[in-house]
Structure formats: structure tokens, C-alpha cells
Amino acid sequence: MVLLPNRLVLIFLLLLPATVAAADFAVVVNKENQVATLDRDEVKKIFLGRKTFWTDGQSIDLVLQADGEVHRDFVRAILHKSPRQFEMYWKLALFSGTGIPPKQQPGDQAVKAAVAANPKMIGYIDIRQLDATVKKIELK
Amino acid sequence: MKGSLSAFYIMLIGLVSLAAIGPCQAFDLGERLSINGFLSQGYIKSSGNNYLGDSQDGSFQLNEFALTFNSAVTDNFRLGLQLLSRDVGAEGNNDILIDWAVADYRWHDWLGMRLGKVKLPIGLYNQGRDSDFLRPMVFLPQSIYDENKRTLVVAAVGGSLYGNFSLGENGDLEYQAYYGQVDFREDSGQARGLEQLASRTARMRNLGAVADFEADNRYVYGGSLVYTPPLEGLRFGVSYFAGKTDFDFDVGAAQGEAQGTMKDFVVLSMEYSMQKWTVAAEYTEQTGDREVLGTDIPDGRSQGGYVQLCYHFLDRFGASLLYDVFYADKDDHDGSSFVAQGQPDFLGWRKDLGVGLHWEINSQWLVKAEYHMVDGAALQLPIFNPEGVERDWNYFVLKTSFNF
């Protein structure tokens, strides 16, 4: 009888979404981009394809990491989805004719190279890989 | 028939070849063109009644194959096309059809336009209804996503406007609005249901046999709003649809006509998605209005809805539970109007309790298995059971899908 409430609490805790670990990523844009800060909600809307234009009217190009810890942390912390849910979100757009999923790059170096080469692009990298080739966006 | 099967095999060989070469990813042909696709194959076995085809004997007539082409012509302008071949019991026959084909231009976040053949936003899931791997169970809940009405509601040649309004701290509001015409196939459940009704009416009046049945959709229009509030994972939707189709046929030595109109098809939707749990619930009402050989058929206003729970034990392994209810007439839940016509009362409802498992072997392969217990025979079940329907029946489905 005494154990039952404890078991219920344990079951309840197991059913809760996994706690998000501290995310060690940086959202990065091209150095020519005038934007310096973004709300976390704006970043979320950008990566879900709901905000598709920069404030100067230029379209936003997205780049994703193919997989890995940085991708997982970014998707969970900013988009509040599992990597699988995020993948399904863009597959729905792809196969229903309502959008094209963002390009993927295999890792931090490839994302930095893509962002450095495209003034309209936004991506995310391991914060330890941040260097002068790209500009870090401050998240509010 | 022979031609369509040949085309089907060519497409199947093409898909398998694409899937077999290189890494299993989308095929990016340079910066501007990408090719994706999917294949799925299922098996359905039912007892008590046939469902969608000869399912009591067990049937593999449950598949979809698609090739998807997308080209970002400019930053704001996109061209896209999806070819789809499907076979769902008596419908589809693996003919290769254009599922959607759009020229899509976006001026602002709040305004874009698609011209061509566009998928229709009905409920939260209609636009993705042909992609098996996008949902936890094989069939979407039939009270809203009735397979027999798919032809009328899946896509239309015309255009749509869409966009997203940011409401700041209060969330987002997405809208879509469309107008067009549907390529109404004669092998669709709705056409066959109306043909059966025309045959019965002609027989009662001694007019002769019905033949050369042809369907011609006049219009469909509607729209949807999806509100995403600040609470993560929650969204609400409302959608509206209306459409009208004319039918011509020979009856004996004369010409016959029929019309079918779907009016005020409204769906209210709610989805709450956490990283392990997803809860979805939708409610619908719609009015059917049919006229056959000058006789008005009293269809009334139907009512339906469902609740579906999905829990992921692991990231790619989950279980689903569905309770789905449909009433042919919201003011006649006990089916008394069917009894008055000399038919069983249980043609007036369909209550489906389903449980299922799905396992995503990887991001491209998926396997599902599910079992449904059904009370009632509404939603056109008699067209698959001309010898008569039973009230209590069940079906089992096993299906696998691959996408790239």
C-alpha cells in the first residue's frame, strides 16, 4: 500500500519528456548580415519555415546539421521537438507539396563554410567551433 | 488496365533503382532540383465484413508509391510535382497519377500563392494522408479522413493562398484558402456508392440497368486556420470544405443524371505533441445532399470525431490507441431512419477502437501493425459487401514503408 504512490510517482516521472540538457550550440549567420540578436521564438519560426524573410526583405536560407549532439541539442532546446519530430515536420511539407526541407551539412565546418558563403543563410554549430568566419547571433 | 500495370512496374523498378544506388538520401541534382519518394506495402485481413476490398480473404491491395520532384527556381519561387501510384482495395489500381503539382510563389511570410494541383487542408492531416510514414497508424481516423471520400477531398486543380501571421507572444496563425476542380475518378468509393444508389433507384422504377457511369466535379473550395499558442506542442485548427459533383450515365436506353454535394464540411482540431506523447482529437460535421434521377436523397448532417493517443517508448518505437466515432445523421444516432427504409440500424454509425504499434527501423524504414474492433457499418461499407453487412467486425493491418 505504501509502495503504490511511490510507484505511481516513478511511472509519472518516466512518462515526462526527457529533460533538456544544457545546449552548447551557437546560432550563426553570415558576417554581412545586419541582424545581431533574435528571440528564441523567432529562431524557432525560422527553422520551422514560418518566418522566411529577413527584416531587409531578403529570403532566409536555412542549413541544418545532418545529425549528432549539436543538432539534437538545438532541436530540443529551440524547437522543443525531438530530432525525429523535426524530421517528420519537414517530410510532411515535402510530400504534401507545401515546402522543401532545408539542406543538411555533415558537421560544424561544413555549416560554417555554407554560412560564410551565403549572406542569407542561418545555421547552428558547436559553440567551441565558433570562429571569425561567421557571426554569432545573441539569443534573447 | 494492361497499360496502367506496365506503367506501375516501370515506376516501381525506377523507385527501387533509385533507392538501391548510393546513400539512401534525397537525390540533389545540383542546387536547384531534388528528387525524393516513398514506397509502402500493406496487408489487410478482416472478419465480419469486407473493408475497402476483398479483405476477408486477406489482401495485399494496400500500397502507395511516389516520386517527388522539387526545384527552387529562385529564392521565392518553387516548382514541385509528385507522381503517386496507389492501390487500396478496389480503388487506385496502381495507375500513376499526378498527386500534386504546384508553382509556388511567396511574397511575404503572410502571403504566398500556389497554382496547379494543390493538396487540400482539411483537418490537421489531410495534406499528408498518402504518406504512410507521417502518421502513427496505417489509416487516418475514418470519421474525418474517410478513404471512400478521398477522391473528392485530397487535391484540386486550381489554386490556393497561404501564409503565416505572427501574433507575437500570443503565438502564430497559419491560413490556407483554395478553389478548384477535382479529377473525380469513377473507381472512387463515392462514385461507386452513387452508382450503386442509381442502380437501386433505376431498378425500383423499372428503368433498366445503369451503365457508362461518369463523374464530373464542378467545384471545391474551402480553407483552414491553424493557431499555434505559446504553449509548446499545442495547436488548434478549424477547416471548411464544400464541393459539388455531377454524374451522367445510361439507364436502359435513356440518359440519367445525379448530383452529389458536400456542404459545410467543418473540422475542429486539437493536437498536443510532447517529445514522447502526442494527443490528437478532431470533431467534424458535414452535410451530404444527393439527387438521383430527379429524386432527392435525404442524407442529413453527419457527425464524427476521434481521440488518438500515441506514446513513444523509444525514439523510434511507439504505440497508439484510437477511438473513432461516426454517425451518418447527427440527429439519428440510433439509425432509426435506416430501419424505416427496411435497412439495419447499424448503417447509421461506425465506432472503431484501434490499437497499434509502429517501429521506425531507421529514418527511412517503418513497420506498423494494428488491430481494430468496429461496431457499425456506416461510411459506405455496403459497397464492399453487396451480400449484406454485419454489425460487429474487425480488421488487422500490417504495413511497411520506405522513404528517401
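Above this text you will find the structure in question.
Each chain has its residues counted from 1, following the order in which its sequence is written. Going through the entries in the order they are written, you letter the chains from A and number the ligands from 1. Note on the predicted model: pLDDT of at least 70 is required for a residue's local features to be given, and 80 or more for side-chain atom pairs to be given and counted; whole-chain, interface and lining totals, by contrast, use all residues. Side-chain numbers come from the whole structure's heavy atoms, not from hydrogens or water.

Undergrad: For empty space enclosed by the protein, give the residues involved together with the corresponding values.
TA: All names here are of chain B. Whether a set of points on the 1 Å grid over the protein atoms alone is a cavity depends on a 1.4 Å probe fitting there but being unable to get out, while an open set qualifies as a pocket with protein on both sides within 12 Å along at least five of seven lines; lining residues are those with an atom within 4 Å of a point. Grid points are joined across faces, edges and corners, and a volume is the space filled by probe spheres set on the points. For the structure on display, the rule yields nine cavities of 30 Å³ or more. Space inside the largest cavity adds up to approximately 70 Å³. As for the largest cavity, its lining consists of Leu-62, Glu-64, Arg-86, Val-88, Arg-129, Asp-130, Arg-135, Val-138, Phe-139, Glu-147, Arg-150 and Lys-399. Among the elements of the structure, strand S3 (62–72) and strand S4 (77–88) are those that each provide at least two residues to the lining of the largest cavity. Under the scheme applied, nonpolar residues are Ala, Val, Leu, Ile, Met, Phe, Trp, Tyr, Cys and Pro; charged residues are Asp, Glu, Lys and Arg; polar residues are all the others, including Gly. In terms of residue class, the lining of the largest cavity is built from four nonpolar, no polar and eight charged. Here a strand is any run of E in DSSP of at least two residues, a helix any run of H or I of at least four, and the numbering for each starts at the N terminus.

Undergrad: Can you break down the nonpolar core residue by residue, with the values?
TA: Residue and element names in this part refer to chain B. With 38 residues, the main nonpolar core has Leu-120, Ile-122, Phe-213, Phe-241, Phe-247, Phe-249 and Val-292 as its most contacted residues. Only strand S5 (96–108), helix H2 (150–153), helix H3 (189–204), strand S9 (210–228), strand S10 (234–251), strand S11 (254–273) and strand S12 (277–292) provide two or more residues apiece to this core. With five residues, H3 is the single largest residue contributor to this core. For this analysis, a nonpolar core means a set of buried residues of the types Ala, Val, Leu, Ile, Met, Phe, Trp, Tyr and Cys, connected via side-chain atoms within 4.5 Å. Only protein chains enter the accessibility calculation, which uses a 1.4 Å probe; a residue whose area is less than 20% of its type maximum is buried, one above 50% is exposed, and one in between is partly exposed.

Undergrad: Kindly report on the interface of chain A and chain B, identifying the contributing residues and their values.
TA: Counting residues at the interface gives 33 residues for chain A, matched by 49 residues for chain B. Accessible-area loss on putting two parts together, using a 1.4 Å probe and summing over both, is the definition of buried area adopted here. In total, chain A and chain B occlude about 3400 Å² of area from one another, counting both sides; carbon and sulfur atoms represent 48% of this. It is A:Arg50, A:Arg84 and A:Phe95 in chain A that bury the most area against chain B; as a group they hold 23% of the surface buried on that side. Any Lys or Arg side-chain nitrogen located within 4 Å of an Asp or Glu carboxyl oxygen qualifies as a salt bridge. Our count for the contact surface shared by chain A and chain B stands at seven salt bridges. Ionic pairing is found between B:Asp172 and A:Lys45, a salt bridge with its closest N-O pair at 3.7 Å. Residues adjacent in sequence count toward polar contacts only when both atoms are side-chain atoms; beyond that, a polar contact is any pair of N or O atoms within 3.5 Å, and within protein one must be able to donate a hydrogen and the other to accept it. Applying the counting criterion to the chain A and chain B interface returns 17 residue pairs in polar contact (both at pLDDT 80 or more). Of all the secondary-structure elements, those providing two or more residues to the side of chain A that touches chain B are helix H1 (3–15), helix H2 (40–47), helix H3 (69–79) and helix H4 (83–96) of chain A. Among the elements that take part in the side of chain A that touches chain B, H4(A) stands out by supplying nine residues, more than any other. What makes two residues a contact is simply this: any of their non-hydrogen atoms within 4.5 Å.

Undergrad: Please give an account of a nonpolar patch on the surface that cites residues and values.
TA: Residue and element names in this part refer to chain B. Grouping into patches uses exposed residues only, defined as over 30% relative accessible area, and leaves out salt-bridged ones; the cut-off is 9 Å for like charges and 5 Å for nonpolar side chains (Val, Leu, Ile, Met, Phe, Trp, Tyr). Areas reported as accessible are Shrake-Rupley estimates using a 1.4 Å probe. Residue values count occlusion only from the protein chains shown. A surface patch of nonpolar side chains, about 810 Å² in accessible area, is lined by Val-307, Leu-309, Leu-321, Tyr-323, Leu-353, Val-355, Tyr-371, Met-373, Phe-396 and Leu-398. At the level of secondary structure, the elements contributing two or more residues to the nonpolar patch comprise strand S14 (301–314), strand S15 (317–327), strand S16 (349–360), strand S17 (365–375) and strand S18 (392–403). The residue Leu-398 is located in strand S18 in this model.

Undergrad: Can you lay out the pairing of S18(B) for me, pointing to particular residues and giving the numbers?
TA: Residue and element names in this part refer to chain B. In this scheme, strands are said to pair when DSSP sees at least two bridges between them. Bridge analysis of strand S2 (residues 33–47) against S18 gives ten bridges, and the strand direction is antiparallel. Directly across from Tyr-43, in S18, lies its bridge partner Leu-398. The pairing of S17 with S18 spans eleven bridges and is classified as antiparallel. Following the sheet pairing, Met-373 is matched in S18 by Asn-394.

Undergrad: Lay out the environment of B:Ala215 with the relevant residues and their values.
TA: Residues and elements named next belong to chain B. Looking at where Ala-215 falls in the secondary structure, it is placed in strand S9. Note on Ala-215: relative accessible area 16%, which makes it buried. Between the C-alpha atoms of Ala-215 and Ser-188, which are 27 residues apart in sequence, the distance is 9.9 Å. Among residues more than four places away in sequence, those in contact with Ala-215 are Phe-184, Glu-186, Thr-245, Asp-246 and Phe-247.

Function cannot be read off these values alone, since they describe shape.
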